[in-house]
Amino acid sequence: MPEDSSQSTPSRWEMLEDTLLNSCRVWDLRARRYRHPKTGDEGEFYYINSRDWVVVVALPEEGGIVLVRQFRWGADALSWELPGGIIDEGEDPVEAGLRELHEETGYLAASGRLLGQCLPNPAILNNRCHLVLAEGCRLSEKGTQWDEHEEMEVRVLEEEEIFNWVKAGRIHHSLALTGLFYYKLEQERG
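Attention in this report is confined to the structure presented alongside it. Values in this document were obtained by computation on a predicted structure and should not be read as measured data.

Here we look at the overall build of the protein chain
At step 1: Along the backbone of the protein chain there are three helices and 11 strands.
At step 2: Of the regular secondary structure in the protein chain, the N- to C-terminal order runs β-β-β-β-β-β-β-α-β-β-β-β-α-α.
At step 3: When the backbone C-alpha atoms are referred to their principal axes, the protein chain occupies close to 60 × 45 × 30 Å.
At step 4: In the protein chain, buried positions account for 35% of the 190 residues.
At step 5: If you sum the accessible surface of the protein chain, you get close to 11600 Å²; carbon and sulfur atoms cover 49% of it.
At step 6: Averaging the positions of the 20 positive and the 35 negative side-chain charges in the protein chain gives two centres separated by 3 Å.

As structure tokens, then:
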């Protein structure tokens, strides 16, 4: 009888070399050369070295969840998503999430906490995305503080409507969907 391949553990390849190919403003393109420990096969694999990201499920005092819509160059389209962004060097993920929430939406949170984290795409990215819950949010007098190329529509929707948008495919940003998933898990834990 053939061996059940679902029961075997894949090998951890040995890294031989890690080379910078191109450095950009927000990430580096790198190549790693690996060797398989059993077969000796070698290959070069490319990945994006990026700082960690944060995505925020923001709950305003009056109810609902804060969404933003912005143009995304990779998809060449407008995208509904949760607020978030790049975590600064040495910055705490929750603090980064509350900072990004304020900069992008004008909302300040009474409190924030980590819901979880994920690997956005471990096939080509080496970073993590931290998922933050921001509660007791209210609009500040300062308003938004967008980066140079940011322009957003900010909208608060009731949870039921947001999950109807998810079902209808109106929210398709994978990290926004992951944030909403973690939020639902948190609600189920109660």
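Some remarks on the sheet that holds strand β5 (residues 65-72)
At step 1: Spatially, the three strands line up as an open sheet ordered β6-β5-β11, and their pairing is antiparallel. Of all the strands in the sheet, just β6 (77-81) and β11 (152-157) have a single pairing partner and so form its edges. Put simply, the sheet's adjacent strands are angled 20° from each other on average, direction ignored.
At step 2: As paired elements, β5 and β6 share five bridges and run antiparallel to each other. Paired with R69 across the two strands is W80, which belongs to β6.
At step 3: Helix-sheet contacts for helix α2 (residues 159-168) involve β5, β6 and β11, and the interaxial angle to β11 is about 120°.

Thoughts on the packing of aromatic side chains
At step 1: Within the structure shown, the criterion is met by five aromatic pairs.
At step 2: Counting every residue linked through ring pairs, the aromatic cluster contains W13, Y34 and F45.
At step 3: Over the aromatic face of W165 sits the side chain of R170, whose NZ or CZ is 3.7 Å from the ring centroid.
At step 4: The side chain of K184 reaches across the aromatic face of F163, ending 4.8 Å from its centre.

Definitions and cut-offs
Residues numbered from 1 in each chain as written. Predicted model: local features only at pLDDT ≥ 70, side-chain atom pairs only at ≥ 80, totals over all residues. Heavy atoms only, no water. Helix = DSSP H or I, 4+ residues; strand = E, 2+ residues; numbered from the N terminus. Buried < 20%, exposed > 50% of the residue type's maximum accessible area, 1.4 Å probe, protein only. Areas by Shrake-Rupley, 256 points an atom, 1.4 Å probe, with all protein chains shown as cover. Lys, Arg positive; Asp, Glu negative; His and termini not counted. Charge placed at Lys NZ, Arg CZ, Asp CG, Glu CD. Pairing = 2+ DSSP bridges. Axes fitted to C-alpha atoms, helices over the stretch in contact; angles between N-to-C directions. Contact = heavy atoms within 4.5 Å. Phe/Tyr/Trp six-rings, centres within 6.5 Å; stacked < 30°, edge-to-face > 60°. Lys NZ or Arg CZ within 6 Å of the ring centre and 35° of its normal.

Geometric descriptors of this kind do not, in isolation, establish any biological role.
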